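Below, each chain spelled out in residue letters.
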Amino acid sequence: MTSAAEDEAVESVPHAPGRTDARRGGRGTGYGNGQVSGPVGEVLADPVRTGARPGPSVWPGSSHPLGARFRVGPDGARGTNFALWAQGAEAVELCLFDEGGAETRCALTELTHEIWHGFVPGVRPGQRYGFRVHGRWDPWTGARHNPAKLLLDPYARAVDGDFTLPPEVYGHVRDWPQQYIADTVRDDRDSAPFVPKGVVVHDDDDWADDVRPKTPWADSVIYELHVRGFTMRHPGVPEELRGTYAGLAHPAAIEHLTGLGVTAVELLPVHQFAHEDHLLRRGLRNYWGYNSVGYFAPHAGYSASGTTGQQVGEFKRMVRALHAAGIEVILDVVYNHTAEAGELGPTLSLRGIDNRGYYRLQNDQRRYADYTGCGNTLHAGRPHVLRLITDSLRYWVTEMGVDGFRFDLAAALARSMHDVDMLSPFLAVIAQDPVLRRVKLIAEPWDVGSGGYQVGAFPPLWTEWNDRYRDAVRDFWRGALPDVRDLGYRLSGSSDLYAWGGRRPYASVNFVTAHDGFTLRDLVSYERKHNEANGEGGRDGTNDNRSWNGGVEGEPPEGTDPRIAALRRRQLRNLLTTLLLSTGVPMLVAGDEFGRTQGGNNNAYCQDNETGWVDWSLLEDPAWRELFALTARLVRLRRAHPVLRRRAFFSGRAEGADGLRDLAWFAPDGAEMTERDWYAPTAALGLYLSGRDIPGRDERGRPVTDDSFLALLHAGDRPVSWTLPGAPWAAEYEVVLDTSREDQEAAPGVRHRGGRSMTVPARSVVLLRVVS
């Protein structure tokens, strides 16, 4: 319902030509010389039909599956079955477009369980299409049907064209003088010339020649990358393939991944997405892609081979190439909101199909419930929305070959009516689905709504981005932790968050950086964000960076003390070493392993340029090559030693008569830490990992054993004398790595006796292996 003030304001709005008042359920046609929609099956007369050709014959077809499916129909006729769920529609038209853009329309008159469907003989793969949905225009009750707007099929498997967002693409009059009611004035201008179209795709791939790596969670090392940004500047990738799926599949790109040793790539969104109007007005684009509009279609802008279905095959070939290299493919997916934004956003797909059915609305149904900060929130508690999401997920697993998903703002999907609910329909459906419960599931366990922070709360089967890990590690190495209690939990798998309900240490995806925020190099080079190029006056991007620049903001000018650059490289080594030695699943960000910078921009979501792209020329610098070599070495070390990849939490108990525990903590004086020590201010922490007390057995049922290690982390600005634990922990230790050194090849082999002191350099990690 509207307030009395709103009623009065709406009454005072001058009617546009042909506009009727829709406040009480009428079907006003809005801005233009429109006609009111007719009943099902009637040839509808409205302004956007001008020039449209009569359609071909439409046979009844089937209501399943949804979307456009090329198949053999009755009497052996080849054609395409179209099916669209549109609960509140009064009529649905299928619109077919030829190469010149001419439109042919045909009514879908069959209606089964709220699904409009029909089989069109002769329609083959490559055909471009969309829908026009007729129904009520009544924004006050949430109904926003507008047949003047061509709508993208939510199940379209390929999309051809770009979203440019001129005024014609909006269901309401975008430039109405009184903006506070603009969304109630319907715009009858045809949007078809300005919006992308769905493309019929032939599914003819059985994946018989593909072998999925199926890397266990505990053995995984994730590498987050952007399909376009990863290869745009790669000298080994042919220029015509840079920025594409084919570019990521190129041997030069895969060689870097295998050389680093990662087991999975986590791709920033590859679902078809649109650019926001405010970016286009500033000459920018949505680079990251967290603005989805097509949940089945690989983003056409990343295709080197074409956009009328070729992008589907190219994506599949990329997945095959990565699988052949032993690398899994995880997609970052955005099912919490769409590119249609709030009530003042464009009408591209779901809003025009059934606004009330797909989106969460407020009590004032003109407005959207926004738990995402993006203007709208999909109502994942409704069966048809759940079906859209799970059909999409299964499609990417079974037909596109992917191995898992990272769910953006997953808490928004887990909301029932209002609150986040770990028994919500979304989580229940995922848990029982025979396909989805077997793939990797990663939650970003928060949204922007009340009660949305849910780190540690997701049920078994799920892993989570652990921002508590990120914050503790950043704070430790910049000297901002009051004590090391929180760090101890984070290094050992975050049992305080995940040791319940059968969850394991690999429920924690450990990360220090992600796409959102500073790069690793910027984390040690800037203390404040520098987002001027985004054009938002510094309002975008977090101010809580937990960074430290070593005394100079940004890249040091010529003639600056070289010790600053050396200190920063040491800090990078410390952060990477801490990440890859921690229990849990480590996640690296593309380019961090060789010093990529964004110039201090901590929100490069609109920087589709050198700021956002990986700079491969850094590998020509010996200092950055050394950082890459250290990272690769740490990944190999992790892979070689199961004590670093534990499948169960540490017990901390003495299992043998000698009093050794699977995990022990030490202070620099060589004594085990007491309760009092955990609360005392300190910049040093030692942890002992026992290789003889690893729970579980190998594939043949044999006990798993490994070397034992002692890691000494020292964030202080002065060296510390550290007494190494003697018997029963060890008689002798061997240095494996020392982050105070630029060249790690010089570190291994040095031995130290247990019970004696060694000097641990300032701001460094020393890893020692127990020799005897």
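Residues numbered from 1 in each chain as written. Predicted model: local features only at pLDDT ≥ 70, side-chain atom pairs only at ≥ 80, totals over all residues. Heavy atoms only, no water.

1. Re the overall build of the protein chain
- Per the secondary structure count, the protein chain includes 17 helices and 30 strands.
- Rg of the C-alpha trace for the protein chain: 29 Å, near the compact-globule value of 28 Å for 772 residues, within the 12% margin.
- Projected onto its principal axes, the C-alpha positions of the protein chain cover 90 × 60 × 50 Å.
- Scored against the burial criterion, the 772 residues of the protein chain give a buried share of 61%.
- Look at the contacts in the protein chain between residues 6 or more apart in sequence, and 72% of them connect residues 24 or more apart.
- For the protein chain, the exposed area adds up to about 28500 Å²; of that, 50% sits on carbon and sulfur atoms. (Helix = DSSP H or I, 4+ residues; strand = E, 2+ residues; numbered from the N terminus. Rg over C-alpha atoms; globule rule 2.2 N^0.38 Å. Buried < 20%, exposed > 50% of the residue type's maximum accessible area, 1.4 Å probe, protein only. Contact = heavy atoms within 4.5 Å. Areas by Shrake-Rupley, 256 points an atom, 1.4 Å probe, with all protein chains shown as cover.)

2. Regarding the nonpolar core
- Counting residues in hydrophobic clusters, the biggest one holds 164 residues, and the most contacted among them are Phe82, Phe230, Leu267, Phe315, Leu331, Phe405 and Phe407.
- Ala684, Val720, Leu724 and Tyr733 belong to the second largest nonpolar core, which has 19 residues in total. (Core = buried A, V, L, I, M, F, W, Y, C linked by side-chain atoms within 4.5 Å.)

3. Overview of the sheet that holds strand S2 (residues 67-72)
- On the basis of which strands lie adjacent, the open sheet formed by four strands has the order S2-S3-S7-S6 and antiparallel pairing. Pairing within the sheet leaves two strands with one partner each, and these edge strands are S2 and strand S6 (110-112). Strand-to-strand twist of the sheet, defined as the mean angle between neighbouring strand axes without regard to direction, takes the value 30 degrees.
- Judged from the seven bridges that link them, strand S3 (residues 78-85) and strand S7 (residues 115-121) form a sheet pairing that is antiparallel. Bridging across to S7, Phe82 finds its partner in Gly118. (Pairing = 2+ DSSP bridges. Axes fitted to C-alpha atoms, helices over the stretch in contact; angles between N-to-C directions.)

4. Points about empty space enclosed by the protein
- In this structure the tally under the stated criterion is 11 cavities of 30 Å³ or more.
- Counted as a void, the largest cavity has a volume near 180 Å³.
- Lining the largest cavity are 19 residues, and of these His226, His515, Val589, Arg596 and Gly612 lie nearest its centre.
- Mapped onto the lining of the largest cavity, the elements with two or more residues apiece are strand S13 (222-225) and helix H2 (227-231). (1 Å grid on protein atoms, 1.4 Å probe; cavity = no way out; pocket = protein on both sides within 12 Å on 5 of 7 lines; lining within 4 Å. Points joined across faces, edges and corners; volume = space filled by probe spheres on them.)

5. Looking at the pairing of S13
- Residues Ile222 and Glu224 of S13 are buried on one face, and the alternating residues Tyr223 and Leu225, pointing to the opposite face, are buried as well.
- Two strands pair when backbone bridges link them, and S13 and strand S14 (residues 264-267) are joined in this way by four bridges, in the parallel orientation. Residue pairing for S14: Tyr223 is matched across the bridge by Val265.
- Judged from the three bridges that link them, S13 and strand S22 (residues 585-589) form a sheet pairing that is parallel. Looking across to S22, one finds that Tyr223 is bridged to Leu588.

6. Describing the layout of surface pockets
- Taken as a whole, the second largest pocket holds about 590 Å³ of empty space.
- If you trace the second largest pocket, you find 26 residues lining it, with Trp217, Arg437, Arg438, Val439 and Lys440 closest to the centre.
- When residues of the lining of the second largest pocket are traced back to their parent elements, those giving at least two are helix H8 (383-398) and strand S20 (462-466).
- Across the lining of the second largest pocket, the residue classes tally to 12 nonpolar, four polar and 10 charged. (Nonpolar A, V, L, I, M, F, W, Y, C, P; charged D, E, K, R; others polar.)

7. Structural notes on the sheet that holds strand S17 (residues 328-333)
- Strand order around the closed barrel formed by eight strands is S13-S14-S17-S18-S19-S20-S21-S22, with parallel pairing between neighbours. Strand-to-strand twist of the sheet, defined as the mean angle between neighbouring strand axes without regard to direction, takes the value 30 degrees.
- Direction of pairing for S14 relative to S17: parallel, over a ladder of four bridges. Residue pairing in the sheet places Leu267 in a bridge with Leu331 of S17.
- The sheet strands contacting helix H15 (residues 562-581) are strand S21 (508-510) and S22, and the helix crosses S22 at an angle near 145 degrees.

8. A short note on the pattern of salt bridges
- What the rule picks out here adds up to 59 salt bridges.
- Of the charged contacts, one joins Asp471 and Arg546 as a salt bridge, the two residues approaching to 3.7 Å between their closest N and O atoms. Of the two residues, Asp471 is situated in helix H11 (residues 467-477) and Arg546 in the loop between helix H14 (520-523) and H15; the sequence distance between them amounts to 75 residues.
- The exposure class of Asp471 is buried, given its relative accessible area of 15%.
- Assessed through its relative accessible area of 23%, Arg546 is described here as partly exposed.
- One salt bridge in this structure joins Arg490 and Asp486, with 2.6 Å as the shortest N-O distance. A residue pair is termed a helical-turn pair when its members lie 3 or 4 positions apart in one helix, as Arg490 and Asp486 do in helix H12 (residues 485-491) at four residues.
- Relative accessible area serves as the criterion here: at 0%, Arg490 is assigned to the buried category.
- Given a relative accessible area of 24%, Asp486 falls into the partly exposed group.
- Through salt bridges that share partners, Asp467, Arg470, Asp471, Asp475, Arg478, Asp544 and Arg546 make up one connected network. (Salt bridge = Lys/Arg side-chain N within 4 Å of Asp/Glu carboxyl O.)

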